[in-house]
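# Results of the structural survey
One-letter residues, chain by chain:
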Amino acid sequence: MEDVARLAGVSVMTVSRALRTPPAVAASTLAKVRAALEETGYLPNLVASGLASSRTQVVAAVIPLISQPFAPTLQSMSDVLRRASYQLVLGVSHYDPLQEEALVRAFLSRRVDGIALFAGGHTPQTIAMLEQAGVPLVEMWADSATEFIVDAVSVPQRQGAQDVVRHLLARGRRRIGFIGGSTRHNIRAQARLGGYLDGLAEAGLPHDPAACEEATHFLMEGGAAALARLLERRPQLDAICVASDILAAGVVFEAHRRGLSVPRDLAVAGFDDAEIARSMYPALTTIDMRAEDMGKRAAEMLLERTGQSSRVDLVAMPSRMHDLGHTLIVREST
């Protein structure tokens, strides 16, 4: 660092500030420091620096999958953190609570300054580790009724699915099926299935278990295969409520392959308002889950906590739930 400072013509303290909080350094000075860093090939020892300052400027997020609709959430979260000189690192749990536990343990052992998790399904060991570590924590993609540890950003997912069923009923559909993911360890899948059932019950329609199908994976071909299985049992269905836009796109493509017109023969509604919902033909009716706002608000909540202290008491501090709401977006597919 002394070599870098000498080459840039600044103090060691200025180099330190340039590395830790670039916005706090004048642009011309920052340019000199960065040029000196490049010329010398100097890499700061962030582990040692973190031990000395109790800060690593790193936030970890454990996500279930690297896919839509989670990508916009992570992008907006990264944008907010980057502007505050924090880096975002990711771990993927594949909806496995034990894998999430292993990732949380690994991140905490590396002294991250905050952790973002997807709400629900945590092991007792994961919760105990987080409470003992005392790092800021926020849970994302919670349902409004989800229990959470301390801070959470939620969207009313059960209500959203019920609104989809109400919309399909208003369009004159009465034989409405459902395609979703596995509800095991997945509160979002549970809430969306629950909303579908609420919508049927509200209309006085019976629940037909054979009209519900579980996709084996969250890809378009998973939605297509699920529709094929569903129509084998219930070919008379006139609408499908799908718990993901990616799955719903596969449903629409499979319907086309079978010679079914969407929405004339089969109305299809998705969930999340992913990019494909706006771009495909017919454009997909869906629920906007505020994916970008989710990441932005989660990052802001973490930064608010990190600014309070180097260690937080998750048990004693007041909890906060930020509900983003939802919007039914009606497009051509219904």
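Not measured: the values here are computed from a predicted model.

## A look at the overall build of the protein chain
- Each helix and strand counted, the protein chain has 13 helices and 12 strands in total.
- Counting only C-alpha atoms and orienting by the principal axes, one finds that the protein chain spans roughly 75 × 40 × 30 Å.
- Taking the intrachain contacts of the protein chain between residues at least 6 apart in sequence as the baseline, contacts between residues at least 24 apart amount to 71%.
- Here the protein chain carries 34 positive and 37 negative side-chain charges, and the mean point of each set is 2 Å from the other.

## As for the nonpolar core
- In terms of nonpolar packing, the biggest core is built from 64 residues, with Tyr196 and Val268 touching the most fellow members.
- Not counting residues up to four positions away in its chain, the partners in contact with Tyr196 are Ala161, Gln162, Val165, Ile176, Gly177, Phe178, Ala211, Cys212 and Cys241.
- The next biggest cluster of nonpolar side chains, apart from the first, holds 18 residues, and it includes Leu117, Val135, Leu137 and Met317.

## Re the environment of Ala145
- Among the secondary structure elements, Ala145 is positioned in the loop between β4 (137–142) and β5 (151–154).
- Judged by its relative accessible area of 68%, Ala145 is exposed.
- C-alpha separation for the pair Ala145 and Pro64, spaced 81 residues apart in sequence, amounts to 20 Å.

## Considering the packing of aromatic side chains
- For the coordinates displayed, the defined rule picks out 3 aromatic pairs.
- Residues Phe70 and Phe118 carry aromatic rings whose centres are separated by 4.8 Å and whose planes lie at 80° to one another, so their mutual orientation is edge-to-face. Of this pair, Phe70 sits in helix α5 (residues 70–83) while Phe118 sits in strand β3 (residues 114–118), and the two are 48 residues apart along the sequence. No difference in accessibility class separates Phe70 from Phe118, as the two residues are buried.
- Relative to Trp141, the ring of Phe70 has its centre 5.5 Å away and its plane inclined at 80°; by these criteria the two rings are edge-to-face. Taken as a pair, Phe70 in helix α5 and Trp141 in strand β4 lie far apart in primary sequence, 71 residues in all.
- These aromatic residues form a ring-pair network of at least three members: Phe70, Phe118 and Trp141.

## Digging into the pattern of salt bridges
- Enumeration according to the criterion identifies 23 salt bridges in this entry.
- Look at the salt bridges and you will find they share partners, linking Asp151, Lys296, Arg297, Glu300, Glu304, Arg305 and Arg320 into a network.

## A closer look at helix α9 (residues 187–202)
- With 16 residues, α9 ought to run about 22 Å at 1.5 Å a step, and its terminal C-alpha atoms sit 22 Å apart, in line with that.
- Buried within α9 we find Ile187, Arg188, Ala189, Ala191, Arg192, Gly194, Gly195, Tyr196, Gly199 and Leu200.
- Residues of α9 that are buried in the fold lie against β3, β4, α8 (157–170), β6 (176–180), β7 (212–214) and β8 (239–242).
- A distance of 3.0 Å separates the backbone nitrogen of Arg188 from a side-chain oxygen at the start of α9, and that oxygen is part of Asn186.
- A positive phi of about 75° marks Gly204, the residue just after α9.

## A closer look at the state of the cysteines
- With the rule as written, the count across this model stands at 0 disulfides.
- Cysteine Cys212 remains unbridged, with the sulfur of Cys241 as its closest cysteine sulfur at 9.3 Å.
- Residue classification places Cys241 among the buried positions, given a relative accessible area of 1%.

## Considering the packing of α5 against helix α13 (residues 291–306)
- Relative to each other, α5 and α13 sit at 35°, their axes nearing to 7 Å. The two elements α5 and α13 meet at a crossing, and its hand is right-handed. Contact residues: Pro72, Thr73, Ser76, Met77, Val80 and Leu81 in α5; Ala291, Glu292, Met294, Gly295, Lys296, Ala299, Glu300, Leu302 and Leu303 in α13.
- Split by residue class, the contact of α5 with α13 holds 9 nonpolar, 3 polar and 3 charged.

## Focus: the sheet that holds β7
- Ordered in space as β7-β6-β8-β9, the 4 strands form an open sheet in which the pairing is parallel. Taken across any chain shown, the strands that pair with only one partner, and hence form the sheet edges, are β7 and β9 (267–269). Direction aside, the axes of adjacent strands within the sheet are offset by 15° on average.
- In this sheet, β7 lies alongside β6 in parallel orientation, the contact comprising 3 bridges. Opposite Gly180, over in β7, you have Glu214 as the bridge partner.
- Strand contacts of α9: β6, β7 and β8, with the helix running at about 175° to β6, the strand carrying the most contacts.

## Considerations on helix α2 (residues 12–20)
- Among all positions in α2, only Thr14, Val15 and Ala18 are buried. Considered in projection along α2, the buried side chains sweep an arc of 100° and stay on one side of the axis.
- On its buried side, α2 packs onto α1 (2–8) and α3 (27–40).

## A look at the side chain of Thr285
- In this fold, Thr285 is placed in the loop between α12 (275–279) and β10 (286–288).
- Among the polar contacts listed, one links the side chain of Thr285 to the backbone nitrogen of Arg331, at a separation of 2.8 Å.
- Engagement of the side chain of Thr285 in a polar contact is seen with the side chain of Thr334, the distance being 2.7 Å.
- The residues contacting Thr285, other than those within four sequence positions of it, are His167, Val268, Ala269, Gly270, Leu328, Ile329, Val330, Arg331, Ser333 and Thr334.

Rules used throughout
- Residues numbered from 1 in each chain as written.
- Predicted model: local features only at pLDDT ≥ 70, side-chain atom pairs only at ≥ 80, totals over all residues.
- Heavy atoms only, no water.
- Helix = DSSP H or I, 4+ residues; strand = E, 2+ residues; numbered from the N terminus.
- Contact = heavy atoms within 4.5 Å.
- Lys, Arg positive; Asp, Glu negative; His and termini not counted.
- Charge placed at Lys NZ, Arg CZ, Asp CG, Glu CD.
- Core = buried A, V, L, I, M, F, W, Y, C linked by side-chain atoms within 4.5 Å.
- Buried < 20%, exposed > 50% of the residue type's maximum accessible area, 1.4 Å probe, protein only.
- Phe/Tyr/Trp six-rings, centres within 6.5 Å; stacked < 30°, edge-to-face > 60°.
- Salt bridge = Lys/Arg side-chain N within 4 Å of Asp/Glu carboxyl O.
- Expected span 1.5 Å × (residues − 1).
- Polar contact = N/O pair within 3.5 Å; in protein donor to acceptor, adjacent residues only side chain to side chain.
- Disulfide = S-S within 2.5 Å.
- Axes fitted to C-alpha atoms, helices over the stretch in contact; angles between N-to-C directions.
- Left-handed = near helix turned anticlockwise from the far one by under 90°.
- Nonpolar A, V, L, I, M, F, W, Y, C, P; charged D, E, K, R; others polar.
- Pairing = 2+ DSSP bridges.
- Arc of directions from axis to C-beta.

By themselves, these figures tell us nothing about what the structure is for.
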